[in-house]
Amino acid sequence: MDFSLLNKEQIEAVKYMNHPLLVIAGAGSGKTRVLTYKIAYLIENGVNPYEILAITFTNKAANEMLNRVDKILNHNNRVMISTFHKFCGKVLRKYSELLGYEHNFTIYDTNDQKKLMRDILKDLDLDNKKIKEKSILSTISHCKNNNISISEFEDSAENEIDILKVKCFKEYEERKFKLNAMDFDDMILLTVKLLKNNLNVRQELSEHFKYILVDEYQDTNVVQFELIKLLCEKYDNLTVVGDDDQSIYKFRGADIKNILSFEKNFKNAKIIKLTQNYRSTNNILKAANEIINNNTNRKGKNLWSKNGDGEKVVFTEYETDSDEAYNIINHIKNNQDYKNTAILYRTNFQSRILEDKCVTNGIPYILIGSLKFYDRKEIKDMLSYLRFVVNGNDFLSFERAIKFPKRGIGDTTIEKIKNYSLNNNIPICDIIKAPDVLGIKGKTATSLMSFYELIEKIKTIDTVEDMIDKILTLTSYQDELLNDYDEMDVKDKLSNINELKNRAIIFRETYENSGNLIDGSNLGGIEFLSDFLYDVSLVADTDEIDENVDKISLMTIHSAKGLEYKNVYISGLNENIFPSHQSINEDDIEEERRLCYVAITRAKENLFLSSARSRFVNGKYDYYRVSRFVDEINGDCIVKNKLPDIKKVNTFEKKSFDTDFLDIKKINFQNPYRTGNQIVKEKELEYKIGDRVSHIKFGDGKVLDIKEMEKDYEVTIKFDDYEKEKIMFAAFAKLKKI
DNA sequence: GCAAGCCCAGATAGT
DNA sequence: CTGGGCTTGC
């Protein structure tokens with residue numbers, strides 16, 4: 001085997017065998033190369049590919065890795081390379097009965113979880129303003145990721161809210177089980193449970209996978225750690241690759257201790273550090289190193305490269321978020337290097353303004369992670385039908401499918417069916433087959449039964465694409481769409497459905513000759529459909545990136561992990577944006593800093609950082625300081641263009657500009673920097689209470705009240721065409737007396 | 001009583 | 001633009 005492309009440490013990592021190995025691989029240090037060479041090396045030395053399990057973070061990484069192994073060895077290899085969830089999905093599918101699940105269980109994503117929980121809150125009569133489904137779900141997720149059982153959580157419950165959460169938690173688990181469904185966290189947890197409780201399965205799997213490799217180890221949680229531990233029980237031949245400085249998934253349960261305590265967790269462990277970076281210039285690495293050196297909770301390393309110093313990093317502070325976006329886009333336009341350029345930001349809502357400027361400047365762009373393919377209405381509709389075909393217990397899918405197209409079945413009927421199913425443990429599909437058990441008669445009954453017939457018809461079809469076609473024709477789906485959307489949108493939606501069909505076809509092609517299956521499950525219609533649906537459930541946004549189009553990429557930093565671009569712009573480097581206002585405490589700030597480190601190390605040659613003094617967030621303008629992370633980069637690797645001190649430039653509202661005002665987290669007042677939109681309080685309004693006025697958008701109305709405020713007047717108007725009265729600021733509303 | 005239509009709020013990160 | 005809640009209309 002040719003090792004000429006590897007450095008000394010990489011070769012050592014590739015060849016090290018028979019004991020646990022942790023490779024600490026800095027950003028751009030060639031960790032994928034190590035993993036792929038290691039797999040290839042194992043195979044070349046007589047290991048059966050079938051005995052190797054490699055676990056990655058995304059499907060994209062998995063596919064890439066498999067391709068690269070094949071390339072090194074010049075032939076196709078049936079190595080099992082998959083994500084944690086995909087791997088667990090396969091194991092669970094084989095052994096679902098041991099856990100009391102039916103074979104064709106459904107995987108619930110975050111939206112499904114929310115819907116189920118909302119339903120529960122309603123049924124338990126809990127005021128969903130007092131306790132939000134999101135907060136319960138995040139508690140549940142936290143428990144599951146850390147292997148905390150419901151009863152343990154119950155014992156630790158401290159307040160009224162916790163007690164309510166326990167109640168919802170129990171109900172959630174019970175219902176989910178009855179619906180024959182599991183959420184993402186269950187997949188890992190149940191696999192661990194299966195291995196712990198079932199010696200035979202544990203032996204079989206740990207015997208099967210003699211070599212286990214785990215990518216992105218810093219992102220594993222407690223339960224995933226347990227899973228790895230159980231899987232390598234027999235052979236103890238584990239290689240994990242990760243970077244403690246790139247651990248950015250704490251919110252999802254990732255536990256940085258897994259990587260920091262590797263030697264404690266695995267006896268005879270060896271550690272190899274990769275610090276030579278092959279991606280970026282030294283100026284970029286210097287900026288990255290300076291920032292991450294402020295963290296204390298890390299193993300410690302410094303990246304270096306032979307790529308030369310390159311261009312300096314540039315930081316620019318703008319007055320408004322609009323200026324910031326405009327200048328970034330303009331800069332990109334001048335350089336005309338679209339496909340090698342990415343703009344990164346902390347949170348998704350920041351993409352909006354960048355998108356706007358792309359559109360107005362004619363810059364082609366792709367937005368990653370905005371509207372996910374599988375989150376589109378038409379795709380969710382189709383998948384609901386298919387999911388219900390596979391799992392006749394799946395109430396959520398049933399509900400969605402039966403509601404669109406409209407069939408004269410409403411909430412009351414659906415509620416009846418749900419309750420009957422839950423109370424008597426009868427699958428939804430059996431109830432709608434003969435709805436008279438519920439006393440449902442007449443038109444409603446006929447409608448339910450014909451829906452049942454529809455599902456039964458689809459079950460007899462062989463391929464997923466034909467199933468989808470049948471659903472479309474039998475439900476007159478296109479015509480129904482035309483009632484709600486205009487022709488262009490419908491065309492779009494139909495082509496998305498076509499794309500779904502294509503994915504099914506592609507999935508079948510790769511299905512047959514991949515190392516996908518632990519055993520050879522058959523390719524029959526429903527079996528295959530079920531596998532296809534699992535695959536679909538576990539697709540990530542970044543799996544969808546196409547590198548070959550000449551467009552700039554817009555994405556969150558989380559999405560950018562593992563990617564690299566020649567030119568990188570990081571926007572919104574403001575306190576309370578990045579670092580996020582939720583994470584400014586001691587504990588979370590290190591994670592934000594790691595996120596910043598990840599962002600910076602995406603850049604190969606040119607790195608531009610920016611911030612804006614005034615940003616439009618949550619429907620109002622607020623002031624934001626420059627992010628502490630900018631201050632942490634010093635020396636000659638960076639050029640900083642800051643705006644002059646705010647006291648000197650401002651002439652608008654003097655008394656608000658005390659130096660300490662910037663320390664206030666959020667100040668709600670109008671943005672003085674907006675050109676052409678300045679807020680000037682009139683001495684006197686041209687209208688008074690009782691006058692008729694006209695508004696450009698809302699039409700004519702009557703003034704009910706005027707309140708004089710410090711900076712403006714608050715006017716209450718009842719417009720003729722609107723039910724409710726509106727309260728507006730006079731300077732914005734620009735009302736004309738009529 | 002029940003389904004369909006209308007209006008409004010919304011938002012860390014993502015398998 | 002979407003899903004949820006509220007209101008209207010059959």
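Remember, predicted model here, so these are calculated numbers, not experimental data.

**Student:** For this particular structure, what's the right way to read the packing of aromatic side chains?
**Tutor:** The geometry of an aromatic ring pair comes down to the distance between the two centres and the angle between the two planes. Within the structure shown, the criterion is met by 21 aromatic pairs. Relative to F629, the ring of F578 lies with its centre 5.5 Å away and its plane at 70 degrees, an arrangement referred to as edge-to-face. Of the two residues, F578 is situated in the loop between β13 (565-570) and α27 (586-600) and F629 in helix α28 (residues 628-632); the sequence distance between them amounts to 51 residues. For F578, a relative accessible area of 1% corresponds to the buried category. Grouped by ring-pair contacts, the aromatic residues Y385, F388, F395, F398 and F451 constitute a single cluster. Looking at K377, its charged tip hangs above the ring of F404, at a distance of 3.5 Å from the centre.

**Student:** Explanation requested: the environment of V192 in the structure shown.
**Tutor:** Relative to the helices and strands, V192 resides in helix α9 (residues 184-197). Classification of V192 by relative accessible area gives buried; the value is 2%. Between the C-alpha atom of V192 and that of K433, which follows or precedes it by 241 residues, the distance is 37 Å. The residues touching V192, leaving out its near neighbours within four places in the chain, are V223, E226, L227 and L230.

**Student:** What am I meant to see in the pairing of β13 here?
**Tutor:** Note on strand geometry: in a regular strand, side chains alternate between the two faces of the sheet. Among the 6 residues that make up β13, 5 are buried, leaving the element largely enclosed by the rest of the structure. Bridge analysis of strand β10 (residues 341-345) against β13 gives 4 bridges, and the strand direction is parallel. Paired with I343 across the two strands is Y569, which belongs to β13. Strand direction decides the pairing type here: β13 and strand β14 (residues 603-617), joined by 5 bridges, are parallel. Note that in β14 the partner of I570 across the bridge is L609.

**Student:** Sorry if this is basic, but what is going on with helix α22 (residues 464-474) here?
**Tutor:** Think of an α-helix as 3.6 residues a turn; residues three or four steps apart then line up on the same face. Those residues of α22 that fall on the buried side of the exposure criterion are V464, E465, M467, I468, I471 and L472. Each buried residue of α22 sits inside an arc of 160 degrees when the element is viewed along its axis, so together they form one side. Remark: S476 follows α22 within two positions and exhibits a positive phi of approximately 50 degrees.

**Student:** Is there a simple way to explain the pattern of salt bridges in this structure?
**Tutor:** Pairing between side chains of opposite charge can happen when their charged atoms approach one another. By the definition in use, this model includes 59 salt bridges. K286 is paired through a salt bridge with D636; the nearest N and O atoms lie 3.0 Å apart. Of this pair, K286 sits in helix α14 (residues 282-292) while D636 is found in the loop between α28 and β16 (638-641), placing the two residues 350 residues apart along the sequence. Of the residues examined, D636 reaches a relative accessible area of 48% and is grouped as partly exposed. Residues D469 and K501 are paired through a salt bridge, measuring 2.8 Å at the closest nitrogen-oxygen approach.

Calculation criteria
- Residues numbered from 1 in each chain as written.
- Chains lettered and ligands numbered in written order.
- Predicted model: local features only at pLDDT ≥ 70, side-chain atom pairs only at ≥ 80, totals over all residues.
- Heavy atoms only, no water.
- Phe/Tyr/Trp six-rings, centres within 6.5 Å; stacked < 30°, edge-to-face > 60°.
- Helix = DSSP H or I, 4+ residues; strand = E, 2+ residues; numbered from the N terminus.
- Buried < 20%, exposed > 50% of the residue type's maximum accessible area, 1.4 Å probe, protein only.
- Lys NZ or Arg CZ within 6 Å of the ring centre and 35° of its normal.
- Contact = heavy atoms within 4.5 Å.
- Pairing = 2+ DSSP bridges.
- Arc of directions from axis to C-beta.
- Salt bridge = Lys/Arg side-chain N within 4 Å of Asp/Glu carboxyl O.

These figures come from the coordinates and say nothing about function on their own.
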